[in-house]
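# Geometric and topological summary
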Amino acid sequence: PAAFTDGSAPAANYAPYTSCTWDVRPADGASLVKLTLTRFAVESGEYDFLQVFDLADGSPVGAALSGDTFAMPLELGVSSSAAGLSVLFVSDFSVEFSGWEIEYVQVPP
């Protein structure tokens, strides 16, 4: 599978004042997209969080995630259509952790 991260390395912390979005679309325009979290450590609470949205209608896929107590790997969801998924990551001004990595694959509809 392919992967992307918050921009930090596993041995470094992500940056403060972050608000970034990654859109993941199937290359063939027909498949669905499945996201799996393989590394996750962010500040707990509403300060730093990761949220997945379906690009077909903008609806959230699961709850926003924060903290560092999840068992890995953790499946984040599968898109409802070939539109794909969007990942939003937000961090506040202080207390940064080692961040996250997400793997993604195309799956048949």
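In this report, the structure presented in the accompanying data block is examined. Along each chain, the written sequence defines residue order, and numbers are assigned to residues from 1. Restriction of local features to residues with pLDDT of at least 70 applies here, the model being predicted, together with a cutoff of 80 or more for giving and counting side-chain atom pairs; totals for whole chains, interfaces and linings are based on all residues. Values reported for side chains reflect all heavy atoms of the structure, with hydrogen atoms and water molecules removed beforehand.

This part covers the overall build of the chain. Starting at the N terminus, helices and strands are each numbered in turn, a helix being any DSSP run of H or I of at least four residues and a strand any DSSP run of E of at least two. Scanning the chain from terminus to terminus reveals 0 helices and 7 strands. Helices (α) and strands (β) of the chain occur, in sequence order from the N terminus, as β-β-β-β-β-β-β. Here the C-alpha coordinates of the chain stretch approximately 40 × 25 × 20 Å along the principal axes. Think of it in three bands: with a 1.4 Å probe and only protein chains considered, a residue is buried below 20% of the maximum accessible area for its type, exposed above 50%, and partly exposed in between. For the chain, with 109 residues in total, the buried portion stands at 38%. Here, two residues are considered to be in contact whenever any of their heavy atoms come within 4.5 Å of each other. Contacts in the chain between residues far apart in sequence, at least 24 positions, make up 82% of those at least 6 positions apart.

Turning our eyes to something else, we now look at the pattern of salt bridges. The term salt bridge refers to a pairing of a side-chain nitrogen on Lys or Arg with a carboxyl oxygen on Asp or Glu at a separation within 4 Å. By the definition in use, this model includes 1 salt bridge. Of the charged contacts in the structure, one is a salt bridge between D23 and R25, with a shortest N-O distance of 3.7 Å. What makes D23 partly exposed here is its relative accessible area of 42%.

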